[in-house]
Amino acid sequence: MKNELIAGMAALGGSSLGSITVATVPVVVTTTTSAGGIADWLGFTTAATTIIAAPITVPVGGIVTAGALLAYGGYQVYKQIKSRECQS
């Protein structure tokens, strides 16, 4: 049963179930352009700073796979504890 369960979790993790946005972080973008006119001829530039939002996304299949692996690990720990209780 163990090999089939692990193979099923790997297949589910690889499937395309979409993604979930878990956070949005601000990103600072600075652009530099020529100043124009005489200042441009002298080599001066101007800088513009813009703050944009960048989403952080996580694939749904990865979340499901991680949950399945945690549940399987918990099951194995439970079996180990039960087997030690029976020996005592």
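### Observations regarding helix H3 (residues 60-87)
Spanning 28 residues, H3 covers 41 Å between terminal C-alpha atoms, matching the ideal 40 Å at 1.5 Å per step. Gly61, Thr65 and Tyr72 are the residues of H3 that are buried.

### Focus: the confidence of the model for the chain
A residue-level look at the chain finds 80% of positions with pLDDT of 70 or above and a mean pLDDT of 79. Least confident of the elements in the chain is helix H1 (residues 2-14), whose mean pLDDT is 64; most confident is strand E2 (residues 45-59), at 85.

### Observations concerning a nonpolar patch on the surface
A cluster of nonpolar side chains, contributed by Ile20, Val22, Val25, Val27, Val29, Ile52, Ile56 and Ile63, occupies part of the molecular surface with about 580 Å² of accessible area. Going through the elements one at a time, strand E1 (19-34) and E2 are the ones with two or more residues in the nonpolar patch. No other element matches E1, which puts five residues into the nonpolar patch. Along the chain, Val29 turns up in strand E1.

Procedures and definitions
Residues numbered from 1 in each chain as written. Predicted model: local features only at pLDDT ≥ 70, side-chain atom pairs only at ≥ 80, totals over all residues. Heavy atoms only, no water. Helix = DSSP H or I, 4+ residues; strand = E, 2+ residues; numbered from the N terminus. Expected span 1.5 Å × (residues − 1). Buried < 20%, exposed > 50% of the residue type's maximum accessible area, 1.4 Å probe, protein only. pLDDT = per-residue confidence, 0-100. Patch = residues over 30% accessible without salt bridge, like charges linked within 9 Å, V, L, I, M, F, W, Y side chains within 5 Å. Areas by Shrake-Rupley, 256 points an atom, 1.4 Å probe, with all protein chains shown as cover. Salt bridge = Lys/Arg side-chain N within 4 Å of Asp/Glu carboxyl O.

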